[in-house]
Amino acid sequence: MSRSRQPPLVTGISPNEGIPWTKVTIRGENLGTGPIDLIGLTICGHNCLLTAEWMSASKIVCRVGQAKNDKGDIIVTTKSGGKGTSTVSFKLLKPEKIGLLDQSAVWVDEMNYYDMRTDRNKGIPPLSLRPANPLGIEIEKSKFPQKDLEMLFPGMSADFTSENFSAAWYLIENHSTTSFEQLKMAVTNLKRQANKKSEGSLAYVKGGLSTFFEAQDALSAIHQKLEADGTEKVEGSMTQKLENVLNRASNTADTLFQEVLGRKDKADSTRNALNVLQRFKFLFNLPLNIERNIQKGDYDVVINDYEKAKSLFGKTEVQVFKKYYAEVETRIEDLRELLLAKLLETPSTLHDQKRYIRYLSDLHALGDPAWQCIGAQHRWILQLMHSCKEGYVQDLKGAPGLHSPMLDLDNDTRPLVLGHLSQTASLKRGSSFQSGRDDTWRYKTPHRVAFVEKLTKLVLSQLPNFWKLWISYVNGSLFSETAEKSGQIERSKNVRQRQNDFKKMIQEVMQCLVKLIRGALLPLSIPECGVRQYGGWEVKSELSGQWLAHVIQTVRLTYESLTALEIPNDMLQTIQDLILDLRVRCVTVTLQHTAEEIKRLAEKEDWIVDNEGLTSLPCQFEQCIVHSLQSLKGVLECKPGEASVFQQPKTQEEVCQLSISIMQIFIYCLEQLSTKPDADVDTTHLSIDVSSPDLFGSIHEDFSLTSVSMASLKELDQRLFENYIELKADPIVGSLEPGIYAGYFDWKDCLPPTGVRNYLKEALVNIIAVHAEVFTISKELVPRVLSKVVEAVSEELSRLMQCVSSFSKNGALQARLEICALRDTVAVHLTPESKSSFKQALEALPQLSSGADKKLKDHPLAKHQSLRLLTSNHPSGLMHRGPYICFPSFL
């Protein structure tokens, strides 16, 4: 047979895979000139010529039959072109087993249908039509012992229809040696089954659509043929016979399958009922589950179940579902009330507060639970602060049944910010306060100081969480992600409206803190209307400056801690004002207490002179001043944001007056000690002057503290000096006149001079005694004292000489000799006044002749230069070698 055309060539097939009896469309070239020219068609080695329908030289439609090969070529054979070739292939899939009652779009080979009765050993439940091999790949049983698998997966099962199905157990048992590629294919099969299950009858219609079209075409062709023949309605016609046959076939089929179909319908109904019960078992058991989870505290589980039930049954019209859902809503409302009560319960941690707020937000609670929590915390903090004050006040009064709050300072765990107060307090109190301290000082802490520490500790333990709660409220982190998205706009409006309200809360807490501290330490700064609420401290003594410095340190650390929370400075201004007032009060009290200590120094004077000629009084005064200044060093130092203590003129004036008072008291003590016996020293009245702010009100404003103090000291020095000179000079001066006229001496009738008389020797010895006494105390004072003593002696001697009416020659010579001897002896300590007095005394004597002068000049006494008080190494002129003094030779 000759071939005039090219061999057929298959270039495409659609679809390129499928189960047997799948309808495919073959495309290519030279596929024949007509149906008669097509003499052969094989797909995967199976002859498909009987079902082939030639459409054109490039298209053939046929059905794939049963084939032994899974994949093969499409071979077309024609008379004109012979046996052809193929560039594509077709993959034949294994058909799924179809049960007796399953729908199918193609004819089912009755030899391969899925018979449930012959597959009972597979362990499939009666109501399940699932295949024994859900993965669709070959099962390869493993050799693992069943007992080992049961121990490895306790309480689980390899049966995929069981509620406790374990996929790992199933794979180990059935596919332990399966390759990874096969497992990937199993995943594809599972996806395909899931898609079919989801599509349901729609997939059945889509799969058999071509069959329906073919049936419709066949029926249309028969109908047209019958109409053309005119035998459509003729009795006994082929149409009538066909109708009868089909009716009988239908009735016979109904009779055969009626019982089976009835059982199927009943099974379907039962299955549907079980599915409904299983599906809505969640709703029916939800009220009881909510109760149990609330008791266990599993609020997250309750909220998740509620959200699920709300999405499924929130808008249901089924009465049964409505009833059960209403019961769920009742339980949820009770839960909202419970969570709100727990949220508003105090005390509570910040973590619990955030947790309850999120729960209420997820449950869509009415109102604003977060703001309610903030308000509750604000009221709780205020209540704690007032309760703290009442407890300490009652304990101070000795009310029974109250524990000592002072002991709580050591028993309580102090916050970190106040942890080092006990370590640094001693440095801030001054060394005078530190002496004699032991480990029991905490138990002696004044009630008001202990109250301030407890109060600040309380605020620092509560306010940070209160502030963080507000910050979380502002940035929305209190709420869950879902609630945040749904209520973000509404919440932003609330935040803007409540910023001022929260600012007032913080200010109220700060004002309460400040007023309570003022009521305890500065009661006069509290208005009368607030004394009962913030005061009530019945104390008889004022706190010392050391304890006030300790309180200032505590409040400063509190301010630093609050600043670290990034609280705006304007909300903390009241604390800064309190610190300033406490600093001013501390300075005032410290100076007052220093004045009291200095007032008592006169009672402690022991009159023991050291090597420098000083008693302990100046040293004690210096120590009091140094200790006072040391205790005020930290108080006067300005921390960041603090104002100077002396910024107010009133404070400057008061401190200046107190400082002057301290100097005046010390000066008065010196005066009292120097002028009165020990038993007569009285300084009790000075406390009234120290406490009086108008003591130095008349002092001119231009006078500085130094000028006033120096003037007072100079005045005291001059007064003490005059008293001492009077005390020492009067006896010497008083002894001159009796000494001169002792033994009825007469200047008119006396013997020639043989030396100075005893009165002059006695006067010089007394002057030397004064020198020795002053030099023992302070050698710097010797010139000042002796010069005044010499002035007094010379003045008295000049007076006595001027009172003499007349002198004899020997008397004049004796007087001149004694005057010159005294003058030359104290020459080092002569002053213009004393020189003038000696000159007047000499002028009162009769003038001697030149011969007499020469005679007096040559007198051995006139040449005795040792009469002078030597000045080689000592201002006094008396040579002091150890405890000895060189006296003039004529003595």
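Residues numbered from 1 in each chain as written. Predicted model: local features only at pLDDT ≥ 70, side-chain atom pairs only at ≥ 80, totals over all residues. Heavy atoms only, no water.

With that settled, consider the overall build of the protein. In terms of helices and strands, the protein carries 29 helices and 13 strands. The long-range fraction of contacts in the protein, counting pairs at least 24 apart against all pairs at least 6 apart in sequence, stands at 71%. (Helix = DSSP H or I, 4+ residues; strand = E, 2+ residues; numbered from the N terminus. Contact = heavy atoms within 4.5 Å.)

A few words on the side chain of Arg-816. Mapped onto the elements, Arg-816 comes out in helix H26 (residues 809–825). At a separation of 3.3 Å, a polar atom in the side chain of Arg-816 contacts the main-chain carbonyl oxygen of Pro-846. (Polar contact = N/O pair within 3.5 Å; in protein donor to acceptor, adjacent residues only side chain to side chain.)

The next thing to look at is the packing of aromatic side chains. Pairs of aromatic rings are described using the distance from one ring centre to the other and the angle between the two planes. Under the criterion given, the structure shown has 19 aromatic pairs. Plain terms: the ring middles of Phe-280 and Phe-321 are 4.5 Å apart, the flat faces sit at 40 degrees to each other, and that makes the pair tilted. Highlighted residues: Phe-280 in helix H6 (residues 238–296) and Phe-321 in helix H8 (residues 319–344), separated in sequence by 41 residues. Each member of the pair Phe-280 and Phe-321 is classed as buried. Considering the side-chain rings of Phe-451 and Trp-537, the 5.1 Å spacing of their centres and the 50 degrees angle between planes classify their relative orientation as tilted. Of this pair, Phe-451 sits in helix H14 (residues 447–475) while Trp-537 sits in the loop between helix H16 (531–534) and helix H17 (545–564), and the two are 86 residues apart along the sequence. For the residue pair Phe-451 and Trp-537, the accessibility class agrees, reading buried in each case. Joined through ring pairs, the aromatic side chains of Trp-371, Phe-466, Trp-467, Trp-470, Tyr-473 and Phe-502 make up one cluster. Sitting over the ring of Phe-282, Lys-308 keeps its end group 4.7 Å from the ring centre. The ring of Phe-721 has Arg-784 sitting right over it, with the charged end atom 4.1 Å from the ring centre. (Phe/Tyr/Trp six-rings, centres within 6.5 Å; stacked < 30°, edge-to-face > 60°. Buried < 20%, exposed > 50% of the residue type's maximum accessible area, 1.4 Å probe, protein only. Lys NZ or Arg CZ within 6 Å of the ring centre and 35° of its normal.)

On to the sheet that holds strand S6 (residues 53–56), then. Taken together, five strands build an open sheet; the order of strands is S6-S7-S3-S1-S10 and the sheet is mixed. Each end of this open sheet is capped by a strand with a single partner; those strands are S6 and strand S10 (85–86). When S6 meets strand S7 (residues 59–63), the two strands line up antiparallel, connected through three bridges. From the neighbouring strand, Glu-53 faces S7, where its bridge partner is Val-61. (Pairing = 2+ DSSP bridges.)

With 20 residues, helix H24 (residues 758–777) should reach 28 Å at 1.5 Å per residue; the first-to-last C-alpha distance of 29 Å fits that figure. Inspection of H24 places Tyr-759, Leu-760, Ala-763, Leu-764, Ile-767, Ile-768, Val-770, His-771, Val-774 and Phe-775 among the buried residues, and these make up the whole buried set. (Expected span 1.5 Å × (residues − 1).)

Here the second largest pocket is characterised by a volume of approximately 1300 Å³. Taken together, 31 residues line the second largest pocket, and the ones lying closest to its centre are Trp-607, Ser-674, Leu-720, Ile-777 and Leu-781. Ranked by residues supplied to the lining of the second largest pocket, first place goes to helix H23 (residues 705–740) with ten residues. When its residues are assigned to classes, the lining of the second largest pocket shows 18 nonpolar, six polar and seven charged. (1 Å grid on protein atoms, 1.4 Å probe; cavity = no way out; pocket = protein on both sides within 12 Å on 5 of 7 lines; lining within 4 Å. Points joined across faces, edges and corners; volume = space filled by probe spheres on them. Nonpolar A, V, L, I, M, F, W, Y, C, P; charged D, E, K, R; others polar.)

This part takes up the pattern of salt bridges. All chains considered together, the criterion is met by 25 salt bridges. With a closest N to O distance of 4.0 Å, Asp-298 and Lys-296 form a salt bridge. For Asp-298, a relative accessible area of 31% corresponds to the partly exposed category. For the salt bridge of Arg-583 with Glu-642, the shortest nitrogen-to-oxygen distance reads 3.4 Å. With Arg-583 in helix H18 (residues 573–599) and Glu-642 in the loop between helix H20 (616–636) and helix H21 (649–675), this pair connects stretches of sequence that are 59 residues apart. By relative accessible area, Arg-583 is classed as buried at 0%. One network of salt bridges, in which partners are shared, links Lys-264, Asp-268 and Arg-271. (Salt bridge = Lys/Arg side-chain N within 4 Å of Asp/Glu carboxyl O.)

Let's shift gears to unusual backbone geometry. Geometrically, the link from Ser-14 to Pro-15 is a cis peptide bond, its omega value of -5 degrees lying close to zero. For Pro-15, the location among the structural elements is in the loop between strand S1 (9–14) and strand S2 (17–18). At the junction of Thr-346 and Pro-347, the peptide bond is cis and its omega measures out at 0 degrees in the coordinates. Of note, the phi angle at Asn-30 is positive, near 55 degrees, even though the residue is not glycine. The exposure class assigned to Asn-30 is partly exposed, which follows from its relative accessible area of 22%.

Before going further, it helps to spend a moment on the pairing of S1. As paired strands, S1 and strand S3 (residues 23–29) are joined by five bridges and run antiparallel to one another. Along S3, the bridge assignment pairs Ile-13 with Ile-26. Sheet analysis places S1 next to S10, joined by two bridges and oriented parallel. Each residue of the ladder has a partner; that of Val-10, found in S10, is Ser-86.

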